[in-house]
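Letter by letter, the chains look like this.
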Amino acid sequence: MNLREAVAPLVKGDVVDDPETLKILSHDTSIFERKPALVVYPKNAEDISALVRFALARREQGEDVTLTARSAGTDMSGGPLTDSIVVGFTKYMNRIRELGEDFAVAEPGVYYRDFEKATLAANGKILPPYPASRELAAIGGMIANNCGGELTLRYGKMNRYVRELDVVLSDGSTATLRPLSKDELAKKESEQNFEASIYRGIRELIEKNRNEIEAARPSVSKNSAGYFLWDVWNEARDTFDLTQLITGSQGTLALVTRAKLGLEKLEHHRGMLVVFLSDLDILPEIVRRVRAFEPESFESYDDNTFKLAVRFAGDFLKQMGFLDSIRLGFAFLPELGMTLSGGVPKLVLLAEFAETSDELAREKAKSAQAALEDLPIKTRLAFGTMGEKYWKIRRESFALLRKHIHGLHAAPFIDDIVVHPDDYPRFLPQLNELLSKYNIMYTVAGHIGDGNFHIIPLVDLKRPEHRKTILELTPKVYELVARYKGSITGEHNDGLIRTPYLPLMFSPRMIELFAEVKRIFDPNGVFNPGKKVPVLGDGGTVKDVAGFMMNE
Ligand SMILES: Cc1cc2nc3c(=O)[nH]c(=O)nc-3n(C[C@H](O)[C@H](O)[C@H](O)COP(=O)(O)OP(=O)(O)OC[C@H]3O[C@@H](n4cnc5c(N)ncnc54)[C@H](O)[C@@H]3O)c2cc1C
């Protein structure tokens, strides 16, 4: 009896192993490829419990059967890739269960685009940490990666919005995780079941290692690396909250089957300040002054992106209606002028202010502009279509580059680094020097307000020298980030690409604690192996990265 025949009678959902499905699910948007043995589309949590019990039984017989969750599969790190069983959520577990005044309850397979339509219609609110992949990603992966995006500067990351999670644990039992008071925690711990043993284990681990954990708290404002042991005890509310550990854990601790998520109402009147900058030394001062005006977002793109935008401006215009394209066409003239005169800035910064009225938004943008008056930079205010132009460049240049440069892949391997904005003047030249040693084409765009840069090179994975570059450059960039006490991933998470490098960012003791967290939640290793907890020793870690890399 093959794996499909053994699993099919155990679940109500679909169990498939046809070559086409296996091929599609061999990829996410990372540089990796792993072909699963089987794909299961569960109908409900009971199906997942049955799968866990099946995997446990097979593991007991010495077979390496594991379960890896997959929502929309847009992960850039290899998180949803496996050679064993994929549990796919978007086919059936894709319903919004409840829409409240300031929350929504959804299954993990709900696409964010559908989720937002529903919440806006119900109460005019949204889930602010949506990622740039908002049209593609789904709720389960957003939680499991602890995603963030352009609104994170003001509204924080996904962990701030997770209120309650229904999960299937690694013994097949189910649990509802939410913040517990001390009394509730004591009661929970006194129960005689697997969930109680997790509460006891994690509480003891945190109590015994409080100093070590606190010392390892990332000093930057965004982080998706490691397990988030820092906020399980919420000091302000005096609660113990395991949802904070599940968020960002890439399906390695438990599988999420339902989530209650907080929502926010955004201000819709916006004004933008654009800063053209060539002297990176004054960047921290600009960031400090602009942040004082509390922009809703503070983004950036580099000179390569700028030049691409001018080169492919026609494509931007094609996406728009006739009148809008004429207006936007004129809006590109200043950029064309700068390119022709050789005056392309090193960085373009976009600070957008969202307020209760157009007047207030314009006032904020103007005040921020005035606050920069004495600095050697060019600034511009952008409202309406003008602001749209800058957002288009920020969001879409990279997609255009991929479309126009054939034979090359967007290769995320140093795609999500974070350093403190105060460190920009020292860090950025060192980073540029490092990148300039390799002959690769890349663009840098980022969330400049919170120090998060997306560097995405274009490579040809068939070329040995490009594969070598990935293996060489990755640890060098992460070592540099670690020297500045930054994070190797602000949003995109560890997956296959960064798990081996976690020891660069965390102490050996913290790595042991991560392994201990995994053992407490998943003692038999059923969930998503090889992610979040590095395999140490013999330099074997880097070999893993090479081993899973795509060949074309
Ligand atoms: C163009 C582009 C832009 C992007 N921009 C951003 C960005 O701005 N910010 C950002 O944070 N990310 C970004 N990403 C990465 C990715 O899109 C997001 O992290 C997204 O939230 C992942 O959602 P998904 O549904 O595709 O997850 P998947 O790829 O399906 O899974 C992601 C991880 O979550 C786990 N998982 C999935 N479902 C469950 C579940 N039910 N229970 C437990 N674990 C589960 C998987 O095992 C995997 O480890 C971007 C990706 C692309 C391609």
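Note: the structure precedes this text.
**Some thoughts on the overall build of the chain**
Thinking step 1. On a plain count of helices and strands, the chain comes out with 23 helices and 19 strands.
Thinking step 2. For the chain, whose C-alpha radius of gyration is 24 Å, the value lies close to the compact-globule estimate of 24 Å for 552 residues.
Thinking step 3. Taken along its principal axes, the extent of the C-alpha atoms in the chain is 70 × 55 × 50 Å.
Thinking step 4. When each of the 552 residues of the chain is scored for burial, the buried share is 59%.
Thinking step 5. The contacts of the chain with a sequence gap of at least 6 include a subset with a gap of at least 24, amounting to 74%.
Thinking step 6. As displayed, the chain has an accessible area near 22600 Å², and 50% of this comes from carbon and sulfur atoms.

**Remarks on the layout of surface pockets**
Thinking step 1. Looking at the second largest pocket, its volume works out to about 760 Å³.
Thinking step 2. Listing elements by their share of the lining of the second largest pocket, those giving two or more residues are helix H6 (152–155), strand S7 (162–168) and strand S9 (233–234).
Thinking step 3. Residues that form the lining of the second largest pocket fall into these classes: 10 nonpolar, 10 polar and 11 charged.

**Here's the deal with the sheet that holds strand S11 (residues 255–262)**
Consider a sheet: its strands pair through backbone hydrogen bonds, and that pairing is either parallel or antiparallel.
Thinking step 1. Taken in spatial order, the 5 strands of this open sheet run S5-S6-S11-S7-S8, and their pairing is antiparallel. Edge positions in the open sheet fall to strand S5 (96–99) and strand S8 (174–177), since each of these has one partner strand only. Pairs of neighbouring strands in the sheet enclose a mean axial angle of 15°, with direction left out of account.
Thinking step 2. With 4 bridges connecting them, strand S6 (residues 103–106) and S11 associate as antiparallel partners. Counterpart to Ala106 in the pairing with S11 is Ala259.
Thinking step 3. Taken strand by strand, helix H4 (residues 112–123) contacts S5, S6 and S11, and its axis lies near 25° from that of S5.

**Focus: unusual backbone geometry**
Most peptide bonds take the trans configuration, and most residues that are not glycine carry a negative phi.
Thinking step 1. The residue Asp238 is not glycine, and still its phi comes out positive at about 55°.
Thinking step 2. Of the residues examined, Asp238 reaches a relative accessible area of 38% and is grouped as partly exposed.
Thinking step 3. For Lys532, which is not glycine, the phi dihedral falls at a positive 75°.
Thinking step 4. Mapping Lys532 onto the fold places it in the loop between helix H22 (508–521) and helix H23 (540–548).

**Some details on the site of the ligand**
Thinking step 1. The immediate surroundings of the ligand are formed by 33 residues, with Ala69, Ser71, Thr74, Ser133 and Gly148 found nearest.
Thinking step 2. Measuring from an oxygen atom of the ligand, one finds a backbone N or O atom of Ala69 at 2.7 Å.
Thinking step 3. Contact with the protein chains hides 93% of the accessible area of the ligand, taken as 980 Å² for the molecule alone.
Thinking step 4. For the shell around the ligand, the secondary structure elements donating two or more residues are strand S3 (67–70), helix H5 (139–145) and S11.
Thinking step 5. Its residues assigned to classes, the shell around the ligand comprises 16 nonpolar, 14 polar and 3 charged.

**Concerning the packing of helix H8 (residues 194–208) against H22**
Thinking step 1. Packing of H8 against H22 leaves a shortest axis separation of 9 Å and a crossing angle of 165°. By the angle between their axes, H8 is roughly antiparallel relative to H22. Along this stretch, H8 crosses H22, giving a crossing that reads as right-handed. Each of Phe194, Ser197, Ile198, Gly201, Ile202 and Leu205 in H8 lies in contact with H22, whose residues at this interface are Leu513, Glu516, Val517, Ile520 and Phe521.

**Points about the packing of aromatic side chains**
Aromatic ring pairs are described here by two measures, namely the spacing of the ring centres and the angle between the planes.
Thinking step 1. What the rule picks out here adds up to 11 aromatic pairs.
Thinking step 2. Ring geometry for Trp230 against Phe506: centres 6.1 Å apart, planes inclined by 25°, an arrangement best described as stacked. Here Phe506 lies in the loop between helix H21 (502–505) and H22 and Trp230 lies in the loop between helix H9 (210–215) and S9, a separation of 276 residues in the sequence. The same class applies to Trp230 and to Phe506, which are both buried.
Thinking step 3. On the basis of an interplanar angle of 85° and a centroid distance of 5.6 Å, the ring pair of Phe427 and Tyr484 is categorised as edge-to-face. You can see Phe427 sitting in helix H18 (residues 424–436) and its partner Tyr484 sitting in the loop between helix H19 (464–483) and helix H20 (495–498), a full 57 residues away along the chain. Side by side, Phe427 and Tyr484 carry an identical accessibility label, which is buried.

**Quick notes on the pattern of salt bridges**
Thinking step 1. Scanning the entire structure with this criterion turns up 37 salt bridges.
Thinking step 2. Here Asp14 ties to Lys91 by a salt bridge, and the two come within 2.7 Å at their closest N and O atoms. Of the two residues, Asp14 sits in strand S1 (residues 14–16) while Lys91 sits in the loop between strand S4 (85–88) and S5, which places them 77 residues apart along the sequence.
Thinking step 3. On the basis of relative accessibility, which here comes to 41%, the residue Lys91 falls in the partly exposed class.
Thinking step 4. What you see here is one network of salt bridges that share partners, running through Glu285, Arg288, Arg289 and Asp374.

**Considering H19**
Thinking step 1. When the terminal C-alpha atoms of H19 are compared, their 29 Å separation across 20 residues agrees well with the 28 Å that a helix rising 1.5 Å per residue should span.
Thinking step 2. Restricting attention to buried positions, one finds in H19 the residues His466, Arg467, Thr469, Ile470, Leu473, Thr474, Pro475, Val477, Tyr478, Leu480 and Val481.
Thinking step 3. Immediately downstream of H19, the backbone of Lys485 shows phi near 55°, a positive value.

**Things to note about the packing of helix H11 (residues 283–291) against H18**
Thinking step 1. Where H11 meets H18, the axes come as close as 8 Å, and the angle between the chain directions of the two elements is 130°. As summarised for this structure, H11 and H18 are arranged oblique, according to the angle between their axes. Residues Leu283, Pro284 and Val287 of H11 lie in contact with H18, whose contacting residues are Tyr424, Pro425 and Leu428.
Thinking step 2. The class makeup of the residues in the contact of H11 with H18 is 6 nonpolar, no polar and no charged.

Cut-offs applied
Residues numbered from 1 in each chain as written. Predicted model: local features only at pLDDT ≥ 70, side-chain atom pairs only at ≥ 80, totals over all residues. Heavy atoms only, no water. Helix = DSSP H or I, 4+ residues; strand = E, 2+ residues; numbered from the N terminus. Rg over C-alpha atoms; globule rule 2.2 N^0.38 Å. Buried < 20%, exposed > 50% of the residue type's maximum accessible area, 1.4 Å probe, protein only. Contact = heavy atoms within 4.5 Å. Areas by Shrake-Rupley, 256 points an atom, 1.4 Å probe, with all protein chains shown as cover. 1 Å grid on protein atoms, 1.4 Å probe; cavity = no way out; pocket = protein on both sides within 12 Å on 5 of 7 lines; lining within 4 Å. Points joined across faces, edges and corners; volume = space filled by probe spheres on them. Nonpolar A, V, L, I, M, F, W, Y, C, P; charged D, E, K, R; others polar. Pairing = 2+ DSSP bridges. Axes fitted to C-alpha atoms, helices over the stretch in contact; angles between N-to-C directions. Near = heavy atom within 4 Å. Polar contact = N/O pair within 3.5 Å; in protein donor to acceptor, adjacent residues only side chain to side chain. Parallel < 35°, antiparallel > 145°, perpendicular 65-115°, else oblique. Left-handed = near helix turned anticlockwise from the far one by under 90°. Phe/Tyr/Trp six-rings, centres within 6.5 Å; stacked < 30°, edge-to-face > 60°. Salt bridge = Lys/Arg side-chain N within 4 Å of Asp/Glu carboxyl O. Expected span 1.5 Å × (residues − 1).

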